[in-house]
Amino acid sequence: MHRSAPRLSRILACAAVPVMLVVAGCSSDSGDAKASDSSTSPSAQKSEPEVEPAKFTELPDACTSIAKKTIEDLVPKTKTKGGTPGKSSDTTSRGGCSWNGLDDNGVKGSQYRWLDVGFTRFDSDQSLGSGAKRATDEYTKQVSKAQATEGAEKPAAEPVAALGEQATAVTYGLTKSKEDFEYATIVARTGNVVVSVTYNGAGFAGAKTPSAADILKDAQKAAKEAVAAVGADAGSDTSSASPSASASASASAKS
């Protein structure tokens, strides 16, 4: 009986060791949890950077975006010289205009031409992205849409240099009402605005079909004027100017 008492004490002491280790383990986990909580606190989270403001806040008048002389050259015998404006519920975001004409040369045949210009503008939005990014997405969509024109014959696309920030020309042939048409669509982006110009022509009553090269050349001429009109006539976003800068400009003007 006296010999078993020390042995029992040793057994109880050994049994207590795992319990102490478990308690120590729980204490360690608790510290890690607190550290994790502090790392995800609101003060540790970074706010999203604001998107850059839209460059252009309005659009030019589509029907005056291309010079009258250019319209006369590209669309002879135009039915409506001032153009036919497109319908839009928001003229600050969308606008368009078109012209068409038939130059009738009697037994020598006739030449038909059609020109259309369209503008699409995007505002900057914190959840959707900057106006420039949204316009870039629209630019890509419009190029793809032109290439996928139903019935297009030998569609081809190539970049256009020195036209906005990016531009693509899409050319193809198309047969309509037993007549052969040549088409050229120029899609360009400048800032947060997408400009689209489509030009086509056909020879009627035995007249020769215009060449694809001539149609493309004329379409590019109209597109350059339309893109330039965005910068010349449309307002730029000046909200980024600081009050102090405005005050300094005002003071300089008075002096």
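Computed from a predicted structure; not experimentally measured.

Draft legend 1. Seen up close, the packing of aromatic side chains. One pass over the full model with this rule turns up five aromatic pairs. Judged by centre distance (5.1 Å) and plane angle (10°), the rings of Y172 and Y183 are stacked. Taken together, the residues Y172 in strand β5 (residues 166-176) and Y183 in strand β6 (residues 179-190) connect sequence positions 11 residues apart. We classify Y172 as buried; its relative accessible area is 6%. Note on F181 and F204: the rings are 6.2 Å apart at their centroids and 70° apart in plane angle, and the pair reads as edge-to-face.

Draft legend 2. Geometry of the side chain of Q142. Within the fold, Q142 resides in helix α3 (residues 131-147). Overall, Q142 belongs to the buried group, its relative accessible area being 18%. Here Q142 is in contact with T120, V187, V194 and S196, once residues within four sequence places are set aside.

Draft legend 3. Summary view of the confidence of the model for the protein. When pLDDT is averaged along the protein, the result is 82, and 73% of the positions lie at 70 or above. Scored below 50 in pLDDT, residues 11-28 makes zero contacts in the model with residues more than four places away or belonging to other chains. Across residues 235-255, where pLDDT falls below 50, the model places 12 contacts with residues more than four positions away in sequence or in other chains.

The rules we used
- Residues numbered from 1 in each chain as written.
- Predicted model: local features only at pLDDT ≥ 70, side-chain atom pairs only at ≥ 80, totals over all residues.
- Heavy atoms only, no water.
- Phe/Tyr/Trp six-rings, centres within 6.5 Å; stacked < 30°, edge-to-face > 60°.
- Helix = DSSP H or I, 4+ residues; strand = E, 2+ residues; numbered from the N terminus.
- Buried < 20%, exposed > 50% of the residue type's maximum accessible area, 1.4 Å probe, protein only.
- Contact = heavy atoms within 4.5 Å.
- pLDDT = per-residue confidence, 0-100.

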